[in-house]
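# Coordinate inspection notes
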Amino acid sequence: MSTNQQTTTGTGKAGPAVSRSRPRRHTNEDEQQLSGNGQHSSLEKEWKEKIYQKLLKVMDLSVINSLEDTEVRKQIEDLCHKLMTDQAVPINLEGRKRVSKMIEDEVLGLGPLEPLLADEGVTEILVNGADKVYVEKLGKLILTDVRFNDNEHLMNIIDRIVSRVGRRVDEMSPMVDARLQDGSRVNAIIAPLTLDGPMMSIRRFSVKMLTMDDLIEMGTLTRPIAEVLRGIVKARLNILISGGTGSGKTTTLNILSTFVPDDERIITIEDSAELQLQQPHVVRLETRPANIEGKGAIGQRELVRNSLRMRPDRIVMGEVRGGEAFDMLQAMNTGHDGSLTTVHANSPRDALSRIENLVSITGLNIPPKALRAQIASAIDVVLQIERQEDGRRRLVSVQEINGMEGDIITMSELFKFQRERIDDEGNVIGIFRATGIVPEFYSQFEKRGIDIPIDIFDPDIDLDDKFQDMGVQ
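Figured I'd write up the structure that's included with this text. Every value quoted in this text rests on a predicted model; they were computed, and no experiment measured them.

Viewed as axis vectors pointing N to C, helix α2 (residues 42-58) and helix α4 (residues 93-108) meet at an angle of 55 degrees, and their least axial separation amounts to 9 Å. Regarding the angle of α2 to α4, the classification is oblique. Both α2 and α4 take part in a crossing whose hand is right-handed. In contact with Glu44, Lys45, Trp47, Lys48, Ile51, Tyr52 and Leu55 of α2, α4 contributes Gly95, Arg98, Val99, Met102, Ile103, Glu106 and Val107. Looking at side-chain class alone, the contact of α2 with α4 contains eight nonpolar, one polar and five charged residues.

Dropping the structure here:
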């Protein structure tokens, strides 16, 4: 997602705010940046491989871990320039610097992927074998000209990534989740499960901690909706964030967590640590896979149970994927108000059905009506995030769970993104609207002294102007 987007406001009656913003379109310059910076000639790549092989013979790589990164890079750079001089490499000084940098990346980094990792606009890197590398930038997938030498070269990079976090990938364990030093999440899968070489996806970890203002500028939501979300977190309501892969669930969870007061103890539970909570009292827990003997795995369910003994004020779970959904519901129903989690689902109603299905796989014999009653009691608000055709992530629905009516969980939609059309440039045009329903949790705002004007739920008021008049920021 790009913050270089402009927002224009339409005329006529609108809900809380109008979003007609357009993402910047790709340019030739973008394409060049995505091709490994578009600067390595075939001659440079050829000599990079030759010098790299000579470097491996003369440099003691076993001492790398005992030296500072800057010192190792300086040694590699000096040695590379000496080898290139001895070999009379027919490349100018700038080219030799690029060759040296490629070799540094090969020894210390992720080889051909380093230029893509250095591009802050790249949000995902998708490696489909040694000769196809795609990236996501501004919400769109683009094929780059980045290549690995062969599948063995790619496997070496994958092994380097997973070994740094104490995990492994081989024929006995051909799938692995890991993370880079900057927190980026990595998934790799190899033969015999893949037919065209090793596959790897890297979901970039944002160096810049996004804020609610960033989401507003990007058109993900509007300030009035943001103010309601702030009140929901401060009122200690339990929140379920729903959406598809790459829709921005974790980003939204991170930003909502900034509204949690600093004097509360927060425990985070994740399969692969991604959350960036800024509060001073945060305990971070992460699952552990099985060892080479297939033993020692610790999943989210065990971590949720243990977290209840750690005196949490709030529990934040990165995503529920299995039986831990039941333990999370139990925690929400037994005094751990203000908890937050995410789930993969295409709509708020589907999100509740998925939670129900995840609980059912635990094997517990709970009648459907009783289980739905637990869900309705535990979860207060469902936020639906969607990545749309123009590459933007939008908060398309905010719904309150009201309770049970017969065997059905009842919900009320408070805000929605109402699509109007797609313009000639492929941008989704639409309006954020209030539905006119005042939520039952509004009384919690009043009791806790959270100043949110009730007019915010009126679909006939331009709430952006209303907020400016009231001085709400």
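After that view of the structure, there is still more to cover.
Another aspect to go through is the pattern of salt bridges. Here the idea is simple: oppositely charged side chains can pair when their charged atoms come close. By the definition in use, this model includes 20 salt bridges. Residue glutamate 227 pairs with arginine 230 through a salt bridge whose shortest N-O separation is 2.9 Å. Here glutamate 227 and its partner arginine 230 are both found in helix α8 (residues 223-234), three residues apart, which amounts to about one turn of the helix. With a shortest N-O distance of 2.6 Å, glutamate 264 and arginine 314 are connected by a salt bridge. Taken together, the residues glutamate 264 in the loop between α9 (249-257) and β9 (266-270) and arginine 314 in strand β11 (residues 314-317) connect sequence positions 50 residues apart. This pair shows no difference in class: glutamate 264 is buried, exactly as arginine 314 is.

Here isoleucine 375 lies in helix α13 (residues 368-378). Judged by its relative accessible area of 0%, isoleucine 375 falls in the buried class. Counting along the chain gives 22 residues from isoleucine 375 to serine 353, while the straight-line C-alpha distance between them is 9.7 Å. Apart from residues lying up to four places away in sequence, isoleucine 375 is in contact with Leu329, Leu352, Ile355, Glu356 and Ile409.

By the element assignment, arginine 392 lies in the loop between β13 (381-387) and β14 (393-405). The side chain of arginine 392 is buried and forms no salt bridge, while aspartate 390, the nearest opposite charge, is found at 4.8 Å. Reaching out from arginine 392, the side chain makes a polar contact with the backbone oxygen of methionine 218 at a distance of 3.1 Å.

So, about the packing of helix α12 (residues 348-360) against α13. Two elements in contact, α12 and α13, have axes whose closest approach is 10 Å; the angle formed by their N-to-C orientations is 120 degrees. Considering the angle they form, α12 stands oblique to α13. Where α12 crosses over α13, the two elements pack in a sense that is right-handed. Listed contacts from α13 to Leu352, Ile355, Glu356 and Val359 of α12 are Pro368, Leu371, Arg372 and Ile375. Looking at the contact of α12 with α13 residue by residue, the classes come out as six nonpolar, no polar and two charged.

Glancing now at the sheet that holds strand β7 (residues 199-203). Across the sheet, six strands lie side by side as β4-β3-β2-β7-β6-β5; this open sheet has antiparallel pairing. Strand pairing shows two members of the sheet lacking a second neighbour, β4 (140-143) and β5 (175-179), which therefore form its edges. Averaged over all pairs of adjacent strands, the angle between their axes in this sheet comes to 15 degrees, without regard to strand direction. Here five bridges tie strand β6 (residues 185-189) to β7, and the two strands are oriented antiparallel to one another. Its bridge partner lying in β7, isoleucine 189 is registered against methionine 199.

A complete count under the given rule lists five aromatic pairs for this structure. The interplanar angle of 55 degrees and the centroid separation of 5.4 Å between the aromatic rings of phenylalanine 441 and phenylalanine 445 together place this pair among those described as tilted. Judged by its relative accessible area of 4%, phenylalanine 441 is buried. With a centroid separation of 6.0 Å and an interplanar angle of 90 degrees, the aromatic rings of tyrosine 442 and phenylalanine 457 are classed as edge-to-face. Placement of tyrosine 442 in helix α14 (residues 442-447) and of phenylalanine 457 in the loop between α14 and α15 (463-470) is noted, with a sequence separation of 15 residues between them. Just as tyrosine 442 is buried, phenylalanine 457 falls in that class too. By way of ring pairs, the aromatic residues Phe415, Phe441, Tyr442, Phe445 and Phe457 are connected into one cluster. In this structure, lysine 50 is placed above the aromatic ring of tryptophan 47, and the distance from its NZ or CZ to the ring centre is 4.5 Å.

Parameters at a glance
Every chain is numbered on its own, with residues counted from 1 as its sequence reads. This being a predicted model, a pLDDT of at least 70 is required before a residue's local features are given, and a value of 80 or more before pairs of side-chain atoms are given or counted; all residues contribute to the totals for chains, interfaces and linings. With hydrogens and water set aside, each side-chain value is computed from the structure's full complement of heavy atoms. To define axes, lines are fitted to C-alpha atoms, for helices over the stretch in contact only, and angles between the resulting N-to-C directions are given on a 0 to 180 degree scale. Counting from the N terminus, the helices are DSSP H or I runs at least four residues long and the strands are E runs at least two residues long. Oblique is the label for every angle not falling under 35 degrees (roughly parallel), over 145 degrees (roughly antiparallel), or within 65 to 115 degrees (roughly perpendicular). Each crossing gets its handedness from the near helix: less than a right angle anticlockwise from the far helix is left-handed, clockwise is right-handed. Whether two residues are in contact is decided by their heavy atoms, any of which lying within 4.5 Å being enough. Residues are grouped as follows: Ala, Val, Leu, Ile, Met, Phe, Trp, Tyr, Cys and Pro are nonpolar; Asp, Glu, Lys and Arg are charged; all remaining types, including Gly, are polar. Each reported salt bridge corresponds to a side-chain nitrogen of Lys or Arg within 4 Å of a carboxyl oxygen of Asp or Glu. Here the term buried applies to any residue with accessible area under 20% of the maximum for its type, exposed to any over 50%, and partly exposed to those in between, with areas from a 1.4 Å probe on protein chains only. Residues scored as charged are limited to Lys and Arg (positive) and Asp and Glu (negative), so that His and the chain ends carry no count. Under the rule applied, a polar contact is a pair of N or O atoms within 3.5 Å (in protein, one hydrogen donor and one hydrogen acceptor; residues adjacent in sequence only if both atoms are side-chain atoms). For two strands to be treated as a pair, DSSP must find no fewer than two bridges joining them. Stacked, tilted and edge-to-face are the three classes assigned to paired rings of Phe, Tyr and Trp, where Trp is represented by its six-membered ring and a pair needs centres within 6.5 Å; plane angles under 30 degrees give stacked, over 60 edge-to-face, the rest tilted. The criterion for a charge sitting over a ring is simple: Lys NZ or Arg CZ within 6 Å of the ring centre, and within 35 degrees of the ring normal.

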